Each structure stands twice: as C-alpha cells, then as structure tokens.
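Single-letter residue listing:
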Amino acid sequence: MADWDEISEALADYTISCNENQRLRKMQRDWSRMLHFVCSDTPQTFSMDVVRGEITSTQQGHVGVPDIVVTATSETFCDMFWGDLNPVQKYLRGEIVVKGSQEDVMRLDAISYVIWPES
Amino acid sequence: MTGDDSFEPAPITLRRSVGGATATATSAGLAFAAIDYLGVVSILAYAPGATAAFAIFIGGLVVILVSAIFSELNGLYPTAAGIRLYMGRAIGNRTALSVTFTYMTTVVLVIAADAFLIGAAVRHVLNEPAVLAYVWIAVLLAIALAANLRGVRIAGWVQTVVTYTVLTGTSILSVVALFHVGGAFKHPFDLFGRGTFSGIQAVAFALFLYAAFEWVTTTAEEARTPKVITRALFIAPVLIWLVATVFALALSHLVGYSTLHASAYPQLLLGHAALGTVGELWMLALTVLTALNTFNGGFLVASRFIYAAAREGNLPRQFARLNLNAVPWLAVTSLAVVSAVVAAVVFATGQWLLLVSVGAAIECAIYAIGSLCLLILRSRVERQRPFKLIAGRPLATFGVVLFTLLFVATAFADPKDSSRFSVAPFSVIAILGAISTAYVLLVVPKLQRAAAARTAASRPRRRPTRAPSSDVGAEQPGE
C-alpha cells in the first residue's frame, strides 16, 4: 500500500507533466472538472481541480462537489500518476472504477496517453 | 488485496448526473432509429395486419426478460466497460472480445442504415432522381463526421427532447391515421389482413424494434443511482411497444403490404396516406430527427469502444490517436467511411431489409449470450447485487434457449417473404463473426506482444523505488 507521501510525490510529478504539456493543455482547453480519488485499500482520499486543462490544485481529502470519482488501490494510483501503467487496461479489468460521464472517462485516460504515449 | 482490508467509501453525489427521464430517453432513443420503421414492415411480412401488434406485444414481454437480465449484470459491473467485464468473467476474454467486436458491427449497420434511409426519404420528398439519395447519404455522414471530429456533443436535454418528440410525433400521426382516415375500427376484422402468421420470426423481428435499448447501461457510471438504469431498462421498452403498436396498426390500415415491402420509407407512405403532403413532411422531419440520436449515440459509443480497444492493445494504436478536440479521429473517420461503404452497398443492391434481419439476429445472439453470462456468474460471483432476477437460473436458462431459437429463426429468414428460407442474413453474420474471431486469435496476440515490447524498450519505470512495505507481492505495472 502506498502512503500519502508517495501519492503526493506522484501527484506532483503528474501535475508538472500535465501542465507543461502544451498539446495536452490545448486539447483539454474546454475541460474543467473537480476530480475525487478514493483509495480502495486505505482510508485515503484526495482531490484534483482541473481548470481549462490546467491542474490548479491537488489536496488530501475531498473538496467540493465532484464531476468524476475515481476508485482504485493506492498502488494503482501511484503507478498511474507516474505513468507506469496503462489506465485503460486496469479500467477494463474493473480494477479502476470511475463514476462520471463516458466523455470524462476518456478525457481522463487521454491525459495519460498524451503525456506518456508509450504507456 | 483481500476483501477484509478494503474500505467502503461513502456514497458520493456527482455534480452532473443522469436521472430517470434522461436515462429512459437515452434507452428509447438508442433503440428507436429510422430503421425501426422498416422493422415494422419486416414484422408485417410474418404477422399480417393487426397480428403484428400481437407479435410486438410478445416481443415486448420477451424484452422485459432481457431488461431483468441486463439489470442484474449491470448492477454487478456498473461501468461503461460492463459488457466486456461480465462476458470476460463468464466466457473468457478472447470470446468476449470476439463477441463485442461483432456486436459493434451492429452500430455500423445502424448508422449505415439510418444514413441510407434518411437519404432515400429526403430524395423521395424532394422528388429527385434516385441516384441523388447517395449524395444525401454522403452529406449526412460528412456532417456527422465533421461534428464528431470537432467534438460537438448534443446536450443530454436535447437528446431527451428529440427522443420524446420522435416517439410522440409518430404516435400522434398513427392515431390520426387510425381514427380519422377511413375509420379503421368501423370494420376491425379488416385490420387483421391476409397472410400466414409465423409467430417465431414475427417475434424475432419485433425484438429488433427494441434492439440497443440495453446500451443505456454504458451510462451507468453517470447515473444518479444504479436504480435509474434499471428503471430505464423497464420503462423504455414500454414506450417503444406503445409507439410501434400504433404505427404497425396504422400502417396495415392505410398502406398495402405489396407497396410497403418495396419501399425504404414506409413512414412517409403512412404520413402521405394520413395527411397528404403535411403528413409526409411530418414523418420526414421525425426521420431526420432520429439521425441526431443515432449518429450522436452511435459514433460516440463505437468510437470510444475502438479507442479503448486500441489503448488496451487489441487494435492498432493509431486508432487511439486524438486530435486537438480530444476526439479519436481515426476511429471516428473509419466509422464514417465504413458506414458510407455499407450504405453504398445497400443503395446499390436494394437489400435494406437484410440489414434488419442481420441486426435482429445479432441482437438475439447477444441476448442469448447475456442470459448465458448471468447463468454462469450466478455460480461464480457471490457478490451482492443491487438488482437480482427472481428465479434467475431457470429464467436465464429459458433465455439461452429462447434467444438461440429466435437467432436461428431470424438468421435463416427471408426478410421480405415469409414463405421462403434464406441463408443471406446468417452468411453475413458468419462472415462478421469469422473475421472478428480470426482477428482476435491471430492479430491481437501480435499487437499485444508488440505493445509490451514497445513499452519495455521505451523507458524505464519512473516511480522511485522505496523500502519494502507491508504490501509484499503488490502487482507490478504491465502484469
């Protein structure tokens, strides 16, 4: 199981990778969402605020009303934010559970795909 | 991770979520396409006159069983990828992939059929030469392609309004046709028409009217509660049953079958017979409106499926490429091109009722496989279900037998003539199934090996290694 330090380190790297990717920023320019994450193996929860494609904040606990809720193990979250796993494979196996519209589910995966095309 | 160390998160309400009315409209809208008007003609081939209404009613009862089966499966796996998950767990991943590839071809068939039918209807009303129908088909698909590539999405409320407008508009014109033109009920027995009633084929084609209503399960992740989807799965078939019944009665009252089976636009013939040019334009408007749901829903469902399959490594990775509107452009373009080719073949051969037969047979096969999945998962998965079908095992067994019989009845039926046997629908399905299976067995393993090699060669694992923690044996990426 990954603790909050590991998750926040992964999140920090993910935030930089996303925000520095100009193609991604352009692609997600009309995408503003509040994301909630729930660890299924620990009591940890955290939130991510995306405003016009830019990750403006990530913090522990749930903030505001979510547009998307993602549930997975803490290890899966860490690997996903480091770009070390393919989120779609986990999603299609039911190991990542997403609550949100189909469009948002695809947009979420698109982030990983654009910043780590080989994942 | 074991069941003991998992944490049950508190229920979370999404800012935007799908409620009952929208889910029902989505389900009914996905099912009620322009091809359904032709579906009624296919039923009339086997159930003349008012007996078609009986077939539609029996079809509706059978669909309630389908609703219950899919409600339980959707409750077990409430995700857009649900169909892959429950089929994969029940009958194996490879078989599930072959089946879903074949299933997705029905989306292409419906898009192609709708493009063809709308093109033919527009050409008919504008009194243009027959060849211009294909120009309209190309224009419609080009508009749909351009809108999809630009990431234009029809808002949920627009889809809801469109669906209820189409259903209500069709019902009103049908009722007008029945009660105000020629007094259908002055001689009610005349409504029964002449011909042979072939029950099993008639019911199989009636099932096609409801086909795709179960795709609403792909919106499970945005539903306010799982019950929203369950309710939609039960209410939408009732709406379709009501509309299709009055339409079939009106059609058999005012338009002869000999005229119908040669026409690609029976709804326009009914509109004209009921209210002249106004009625014809009325039905044309409704036909064009169905395209909004078909093209929006069809392109979205199929292109996202292709994207996910490419990201998973089951299709060439080029299909996952996104344009600057975050749209998988190659997937969307390929769908439009294949639909245009299918529509051209239908246009050239005039075999539009064959599409109905193929679609109906594939749906029956999917329902049979869904019943089988339920039966298997009842033994394998002990998890609590939000919806549980009463007498699930016997009913699922009954479903497997019934839908297999209906598949055979439809796949070997001549859609135009009840007295003739035809292998054409089965041949098309067999070819599609064989291509899907060969692809899954021969090409997918190569693609997956190539993807794994590419990932391994491209860069090392990025996540920093930490001191060993309590989760010894945690899964490594790529496993």
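Above this note sits the structure.
Residues numbered from 1 in each chain as written. Chains lettered and ligands numbered in written order. Predicted model: local features only at pLDDT ≥ 70, side-chain atom pairs only at ≥ 80, totals over all residues.

Asks: What should I look at first to understand the overall build of chain B in this one?
Replies: Of the regular secondary structure elements, chain B holds 15 helices and zero strands. Contacts spanning at least 24 positions in sequence make up 80% of the contacts within chain B whose residues lie at least 6 apart. (Helix = DSSP H or I, 4+ residues; strand = E, 2+ residues; numbered from the N terminus. Contact = placed C-beta atoms within 7 Å.)

Asks: Looking at this structure, I do not really get helix α5 (residues 102-115) of chain A. What am I missing?
Replies: Residue pairs three or four apart in sequence face the same way in an α-helix, which turns once every 3.6 residues. Taking 1.5 Å of rise per residue, the 14 residues of α5(A) would be expected to cover 20 Å, and the 21 Å separating its terminal C-alpha atoms lies within 8% of that figure. Counting buried residues along α5(A), ten of its 14 residues qualify, which places the element largely inside the surrounding structure. (Expected span 1.5 Å × (residues − 1). Buried ≥ 20, exposed ≤ 12 C-beta atoms within 10 Å, placed from the backbone.)

Asks: It is not clear to me how the environment of G313(B) should be interpreted in this structure. Could you clarify?
Replies: All names here are of chain B. Looking at where G313 falls in the secondary structure, it is placed in the loop between α11 (266-312) and α12 (329-349). For G313, a count of 22 C-beta atoms within 10 Å gives the class buried. Remark: the alpha-carbon pair of G313 and R449, spanning 136 residues in sequence, is separated by 8.8 Å. Not counting residues up to four positions away in its chain, the partners in contact with G313 are L447, Q448 and A451.

Asks: Help me understand the nonpolar core in this model?
Replies: Nonpolar side chains tend to gather and get buried jointly when the protein is soluble and globular. Counting residues in each nonpolar core, the largest one holds 207 residues, and the members touching the most others are I43(B), F116(B), L117(B), L207(B), I240(B) and A248(B). Each residue touching L117(B), except ones within four places of it in the same chain, is listed here: A34(B), I35(B), L38(B), A264(B) and Y265(B). (Core = buried A, V, L, I, M, F, W, Y, C linked by C-beta atoms within 7 Å.)

Asks: How should I be thinking about unusual backbone geometry in this particular structure?
Replies: It is generally the case that most residues other than glycine have a negative phi and that most peptide bonds are trans. Residue and element names in this part refer to chain B. With a phi close to 85°, A212 is a non-glycine residue in the positive phi region. With respect to the helices, strands and loops of the structure, A212 is situated in the loop between α8 (199-210) and α9 (226-254). Classification of A212 by C-beta neighbours within 10 Å gives buried; the count is 24. We note that A326 has phi near 60°; this positive angle belongs to a residue other than glycine.

Asks: What is the right way to look at the sheet that holds strand β2 (residues 45-51) of chain A in this model?
Replies: Within a sheet, adjacent strands bond to each other through the backbone by hydrogen bonds, running parallel or antiparallel. Residues and elements named next belong to chain A. Taken together, five strands build an open sheet; the order of strands is β3-β2-β1-β4-β5 and the sheet is mixed. Strands with a single pairing partner mark the edges of an open sheet, and in this sheet they are β3 (54-60) and β5 (97-99). Pairs of neighbouring strands in the sheet enclose a mean axial angle of 20°, with direction left out of account. Pairing analysis gives three bridges linking strand β4 (residues 68-72) to β5, with the strands arranged antiparallel. Residue pairing across strands places V70 opposite V98, the latter belonging to β5. Relative to β3, helix α1 (residues 4-19) is tilted by about 175°, and along the sheet it contacts β2 and β3. (Pairing = 2+ DSSP bridges. Axes fitted to C-alpha atoms, helices over the stretch in contact; angles between N-to-C directions.)

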